Amino acid sequence: MDEADKAQERIDEFLDDAIEAARGDIPEGVPGECDLCGEWTSRLIGGACAPCRDKYKLD
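Residues numbered from 1 in each chain as written. Predicted model: local features only at pLDDT ≥ 70, side-chain atom pairs only at ≥ 80, totals over all residues. Heavy atoms only, no water.

**Looking at the nonpolar core**
In terms of nonpolar packing, the biggest core is built from five residues, these being Cys 34, Leu 44, Ala 48, Cys 49 and Cys 52. Beyond its immediate stretch of four places on either side in the chain, Cys 52 contacts Cys 34, Leu 36, Cys 37, Lys 57 and Leu 58. (Core = buried A, V, L, I, M, F, W, Y, C linked by side-chain atoms within 4.5 Å. Buried < 20%, exposed > 50% of the residue type's maximum accessible area, 1.4 Å probe, protein only. Contact = heavy atoms within 4.5 Å.)

Right under this line is the structure:
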């Protein structure tokens, strides 16, 4: 294994760790009707769909 391969391996490990850390902050959603707009979606978080979370700046 040469230096370029070792560097690529370190880069891949770093990216995998960063992706996993970012995924840890994403809450799991549930399917259903949005409490705010009434539209059905496959992923509600806190009872709100993605467009409503964006529109009303919900976390």
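From this point, the discussion proceeds with the structure in view.
**Details of the pairing of strand E2 (residues 40-44)**
Pairing analysis gives three bridges linking strand E1 (residues 30-33) to E2, with the strands arranged antiparallel. Bridge pairing in E2 links Gly 32 to Thr 41. (Pairing = 2+ DSSP bridges. Helix = DSSP H or I, 4+ residues; strand = E, 2+ residues; numbered from the N terminus.)

**Some points on the pattern of salt bridges**
Any two side chains of opposite charge can pair, given that their charged atoms come close. Counted by the stated rule, this structure contains one salt bridge. The shortest N-O distance in the salt bridge between Glu 3 and Lys 6 comes to 3.8 Å. Here Glu 3 and its partner Lys 6 are both found in helix H1 (residues 3-23), three residues apart, which amounts to about one turn of the helix. Among the residues examined, Glu 3 registers a relative accessible area of 55% and is labelled exposed. For Lys 6, a relative accessible area of 34% corresponds to the partly exposed category. (Salt bridge = Lys/Arg side-chain N within 4 Å of Asp/Glu carboxyl O.)

**A few points about the side chain of Arg 53**
As for its position among the elements, Arg 53 is in helix H2 (residues 50-55). For Arg 53, which is buried and forms no salt bridge, the nearest opposite charge comes from Asp 54, at a distance of 6.0 Å. A polar contact of 2.8 Å, which involves the side chain of Arg 53, links it to the backbone oxygen of Ala 48. (Lys, Arg positive; Asp, Glu negative; His and termini not counted. Polar contact = N/O pair within 3.5 Å; in protein donor to acceptor, adjacent residues only side chain to side chain.)

Just geometry here; none of it tells us what the structure is for.
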